[in-house]
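One letter stands for each residue in the lines below.
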Amino acid sequence: EQLGGGYAISSWAEKTAYEGASAIIAVSDGMRADVLASYPEVDPKKVVTIRNGVDTQEWSPIDDPSVAESFGINGRYAIFVGRITRQKGLAHLLRAWSQVPDDYGLLLCAGSADEAGIGAEFEELVSQLQKTRKNIWWIKEMLPKSQLIPLLTGADLFLCPSIYEPLGIVNLEAMACQTAVLASRVGGIPEVVDDGVTGRLVDYTTDSSTFERNIAAGIREMMGDPERLKRFGIAGRARAISEFGWDAVAAATIALYRSVL
């Protein structure tokens, strides 16, 4: 859809690079499995999982309600941050939101549509929701961290309804800001979000209606229990610090390069 005939060229380039590389870093075990399934000629010993990290000093809770107020945001809300692309599952989220109580707000920090058709579909779904709900906010520009971090901190829940993610670093950023996460159980996300400890995972299915009902049920369950959200948020930040600090990621990366050299 995005690359057209160029997909054949990019696939050839990727295959050539993988098969010729001395080592391959996969950002999750899920991505490692995908690489090996897609390119069976690649020696499994060459593919090493080193997960992405997050700077938990930079990404840390900042309680500043004035940032939300400056965008007209009020009341309790869940937040999505990411590109407007099929991969991110935005259409599913927006359709699921009609099944969520109308006192829960939704903040969409979303821009850079992959192509015009996807952008138009997203805009229409947002417009339909806004006709019946006043607490649907769409911020189209990429926000600086000085604004995004307080918005993440102030949210009850971070949403990641992706249909595929190699790792999902946005979940790490939300966790570092001490915000509970509701995400799809796809790709590398289960390696980041500890289901029932730092958030909840929703099973993905190609049956769109079922997937959307599952998303809505997860949102209702989590936002209906503020104490649990608080516990998940605290546990999420602790996990981001202990498991995904850049010191460990850098050390593993250097060790791999040295082994290759």
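Position numbers for residues count from 1 along each chain, tracking the sequence in the order it is written. Only residues with pLDDT of 70 or above have their local features reported here, since the model is predicted, and side-chain atom pairs are shown and tallied only from 80 upward, although totals for entire chains, interfaces and linings are computed over all residues. Excluding hydrogens and water, the side-chain figures rest on all heavy atoms present in the structure.

Caption draft 1: Looking closely at the overall build of the protein chain. Counting from the N terminus, the helices are the DSSP runs of H or I reaching at least four residues and the strands are the DSSP runs of E reaching at least two. The helix and strand inventory of the protein chain stands at 10 helices and 8 strands. Taking 18 Å as the expected radius of gyration for a compact globule of 261 residues, we find that the protein chain reaches 19 Å, a close match to that expectation. The principal-axis extent of the C-alpha atoms belonging to the protein chain is close to 55 × 40 × 30 Å. The contact definition used throughout considers only heavy atoms, calling two residues in contact when any of these lie within 4.5 Å. Within the protein chain, counting contacts between residues at least 6 apart in sequence, those at least 24 apart form 70% of the total. On the protein chain, roughly 12800 Å² of surface is accessible, and the fraction owed to carbon and sulfur atoms is 52%. Just to be clear, the radius of gyration here is over C-alpha atoms, and the globule rule we use is 2.2 Å times residues to the power 0.38. Surface accessibility in these figures is a Shrake-Rupley result with a 1.4 Å probe; residues are shielded only by whichever protein chains are displayed.

Caption draft 2: Molecular detail of the pattern of salt bridges. Should a side-chain nitrogen of Lys or Arg be within 4 Å of a carboxyl oxygen of Asp or Glu, the pair is scored as a salt bridge. On inspection of all chains with the given rule, the structure shows 14 salt bridges. Of the charged contacts, one joins Glu221 and Arg200 as a salt bridge, the two residues approaching to 2.5 Å between their closest N and O atoms. A residue pair is termed long-range when its members are at least 10 positions apart, and Glu221 in helix α8 (residues 208-223) and Arg200 in strand β8 (residues 199-202) qualify at 21 residues. A single salt-bridge network, built from bridges that share partners, covers Arg185, Asp195, Arg200, Asp203, Glu221 and Arg228.

Caption draft 3: Broad picture of the nonpolar core. If you look at the biggest cluster of nonpolar residues, it comprises 37 residues, and the most contacted ones within it are Ile79, Leu107, Leu151, Leu152 and Phe158. If we skip the residues at most four places from it in the chain, Ile79 touches Leu107, Cys109, Leu151, Leu152, Ala155, Leu157, Phe158 and Leu159. In this structure, Leu159, Phe211, Ile215 and Ala216 belong to the second largest nonpolar core, which totals 33 residues. As used here, the term nonpolar core means buried Ala, Val, Leu, Ile, Met, Phe, Trp, Tyr and Cys residues forming a set that is joined through side-chain atoms within 4.5 Å. With a 1.4 Å probe rolled over the protein chains alone, any residue whose accessible area is under 20% of its type maximum counts as buried; one over 50% counts as exposed, and the rest are partly exposed.

Caption draft 4: Expanded view of the sheet that holds strand β7 (residues 180-184). We treat two strands as partners when DSSP finds at least two bridges between them. Taking strand neighbours across the sheet as the criterion, the 6 strands line up as β5-β4-β3-β6-β7-β8 in an open arrangement whose pairing is parallel. Of all strands in the sheet, those with a lone pairing partner are β5 (136-139) and β8, marking the two edges. Neighbouring strand axes in the sheet, compared pairwise and without regard to direction, differ in orientation by 20° on average. Here 4 bridges tie β7 to β8, and the two strands are oriented parallel to one another. In this analysis, axes come from line fits to C-alpha atoms, helices being fitted only over the stretch in contact, and the angle between any two N-to-C directions falls in the range 0 to 180 degrees.

Caption draft 5: Just the packing of helix α7 (residues 169-176) against helix α9 (residues 226-243), in detail. Contact geometry of α7 with α9 gives a least axis separation of 7 Å together with a crossing angle of 115°. Taken together, the axis directions place α7 and α9 in an arrangement best described as roughly perpendicular. Read as a crossing pair, α7 and α9 show a hand that is left-handed. Between α7, through Leu172, Met175 and Ala176, and α9, the contact on the second element is made entirely by Gly233, Gly236, Arg237, Arg239 and Ala240. Tallied by class, the residues present in the contact of α7 with α9 amount to 4 nonpolar, 2 polar and 2 charged. Roughly parallel covers angles under 35 degrees, roughly antiparallel covers those over 145, roughly perpendicular covers 65 to 115, and oblique covers all other angles. Put simply, a crossing is left-handed when the front helix is turned counterclockwise from the back one by less than a right angle, and right-handed when it is turned clockwise. Under the convention adopted here, Pro, Cys and the residues Ala, Val, Leu, Ile, Met, Phe, Trp and Tyr are nonpolar, Asp, Glu, Lys and Arg are charged, and Gly plus all remaining residues are polar.

Caption draft 6: Quick peek at the side chain of Lys46. Tracing the chain through its elements places Lys46 in the loop between α2 (29-38) and β2 (47-49). Excluding residues within four positions of it along the chain, Lys46 makes contact with Tyr18, Glu19, Gly20, Ala21, Ser22, Ala23 and Ile24.

Caption draft 7: Fine view of α7. Across the 8 residues that make up α7, a large majority, 7, are buried. Val170, Asn171, Leu172, Glu173, Ala174, Met175 and Ala176 are the residues of α7 that are buried. Buried residues belonging to α7 abut β3 (77-83), α6 (145-154), β6 (157-160), β7 and α9. Of the residues trailing α7, Gln178 is marked for its positive phi of about 65°.

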